Amino acid sequence: MKIAVLGTGMVGRAIAEKLLSLGHQVAMGTRDPEKTKKIQKDDFSFQNWLAANQVKLTNFADAAALAETLVINCTAGMVSLEALKLAGRDNLKGKVLLDIANPLDFSKGQPPFLNPGNTDSLGEQIQAAFPETLVVKSLNTMNCYLMVNPSLVAGAHNVFVSGNDEAAKGKVKTLLNSFGWPMERIIDLGDITGARATEQLLPIWLKLWMAKGTPMFNFGIVMG
Ligand code: NAP
């Protein structure tokens, strides 16, 4: 399948690598492809990453247009609406948008706070801004390496899915299953207001990261 990954950070790259390994074609969206290609940080070189991973790096609009039915939002949460506007309403129309972003606001320093939060969520704001797109919130409650390799954490831990369209959620569940998530570990929280709940797991997720000294953990729901 031709899939668009919007975002070039560690999440976008981890998702793109997994999709390629599963035989999908990936168009990766960024604001300025030439600038992104030149990214060199510590021992990471985007040019080397591109040489090892056959994605088509292009702008947000072209990436979204190339997607057959699935676009994955891996942009910084505070600017996801801007990135999706650049992707273009028509290029997103009728497609499933898997939203992984968290609206973490670092404007007042550390720790970040959620913006929006409590009575609203990024997932809901995206769905409201793009009513003809089928938004499904998922994977935002864990580290990106775990998203695509759940066996990195032992035991029965979970991934959550929220969205208004059952068929769209079904497509995302199938994708998650192909990433290694057993169907029984995928918890459907109902409509897109579930994004409010999962985005609000971020403050406890960040505290756990500090307390445990590693991001390699996940939430597991224990039933009586
Ligand atoms: P990030 O640094 O949060 O975001 C990078 C992407 O945001 C880049 O592609 C960048 O575009 C885009 N961006 C930045 N400013 C923009 C603007 N003004 N307009 C449009 N696009 C803009 O990357 P990340 O760490 O990979 O995280 C991606 C998302 O996943 C975030 O929302 C994060 O909260 C969420 N998340 C992360 C993890 C994790 O393990 N890191 C886990 C769960 C959820 P350019 O390519 O043009 O620079």
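Scroll up to find the structure.
Here we summarise the structure given alongside this text. (Residues numbered from 1 in each chain as written. Predicted model: local features only at pLDDT ≥ 70, side-chain atom pairs only at ≥ 80, totals over all residues. Heavy atoms only, no water.)

Right, let's talk about the overall build of the protein chain for a bit. Per the secondary structure count, the protein chain includes 11 helices and 12 strands. Computed over its C-alpha atoms, the radius of gyration of the protein chain comes to 17 Å, within 12% of the 17 Å expected for a compact globule of 224 residues. Within the protein chain, the fraction of its 224 residues that count as buried is 49%. The long-range share in the protein chain, meaning contacts at least 24 apart out of those at least 6 apart in sequence, stands at 72%. Element-wise, carbon and sulfur atoms account for 54% of the exposed surface of the protein chain, whose accessible area totals about 10,800 Å². Each charge class in the protein chain can be summarised by its mean position, and for the 22 positive and 20 negative side chains these summaries are 3 Å apart. (Helix = DSSP H or I, 4+ residues; strand = E, 2+ residues; numbered from the N terminus. Rg over C-alpha atoms; globule rule 2.2 N^0.38 Å. Buried < 20%, exposed > 50% of the residue type's maximum accessible area, 1.4 Å probe, protein only. Contact = heavy atoms within 4.5 Å. Areas by Shrake-Rupley, 256 points an atom, 1.4 Å probe, with all protein chains shown as cover. Lys, Arg positive; Asp, Glu negative; His and termini not counted. Charge placed at Lys NZ, Arg CZ, Asp CG, Glu CD.)

Another point: the packing of helix H1 (residues 10-21) against helix H9 (residues 166-179). Interhelical geometry of H1 versus H9 gives an angle of 80° and a closest axis separation of 11 Å. With respect to H9, the element H1 is oriented roughly perpendicular. Here H1 contributes Ile15, Lys18 and Leu19 to the contact with H9, which in turn contributes Leu175, Ser178 and Phe179. Residue composition of the contact of H1 with H9, grouped by class: four nonpolar, one polar and one charged. (Axes fitted to C-alpha atoms, helices over the stretch in contact; angles between N-to-C directions. Parallel < 35°, antiparallel > 145°, perpendicular 65-115°, else oblique. Nonpolar A, V, L, I, M, F, W, Y, C, P; charged D, E, K, R; others polar.)

Next up on the list: the side chain of Lys95. Along the chain, Lys95 turns up in the loop between helix H6 (89-92) and strand S7 (96-99). Each residue touching Lys95, except ones within four places of it in the same chain, is listed here: Ala64, Ala65, Ala67, Glu68, Thr69, Val71, Glu132, Thr133 and Leu134.

Considering all chains together, one arrives at seven salt bridges under this definition. Between Asp99 and Lys137 there is a salt bridge, and its shortest N-O distance comes to 2.7 Å. Note that Asp99 is positioned in strand S7 and Lys137 in strand S10 (residues 134-138), a separation of 38 residues in sequence. Pair check on accessibility: Asp99 and Lys137 agree, each one buried. With a shortest N-O distance of 2.7 Å, Lys137 and Glu199 are connected by a salt bridge. Here Lys137 is found in strand S10, whereas its partner Glu199 is found in helix H10 (residues 194-199), with 62 residues between them in sequence. When sorted by exposure, Lys137 lands in the same class as Glu199, which is buried. Shared partners join several salt bridges into a network, and the residues in it are Glu166, Lys169, Lys173 and Asp188. (Salt bridge = Lys/Arg side-chain N within 4 Å of Asp/Glu carboxyl O.)

Turning our eyes to something else, we now look at unusual backbone geometry. The omega torsion across Gln110 and Pro111 is -10°, close enough to zero to call that bond cis. Its location among the elements puts Pro111 in the loop between strand S8 (104-105) and strand S9 (113-114). Looking along the chain, the bond that leaves Asn115 and enters Pro116 is cis, with omega of 10°. Even without being glycine, Asp42 reaches a positive phi, approximately 50°. Along the chain, Asp42 turns up in the loop between strand S3 (40-41) and strand S4 (44-45).

Of all six residues in strand S2 (residues 25-30), five are buried, a share of seventy percent or more. Note that strand S1 (residues 2-6) and S2 share five bridges and pair parallel. Each bridged residue has a counterpart across the sheet, and for Val5 the counterpart in S2 is Met28. Judged from the four bridges that link them, S2 and strand S5 (residues 56-59) form a sheet pairing that is parallel. Its bridge partner being in S5, Gly29 is matched across the sheet by Thr58. (Pairing = 2+ DSSP bridges.)

Read these as layout, nothing more, since geometry by itself doesn't imply function.
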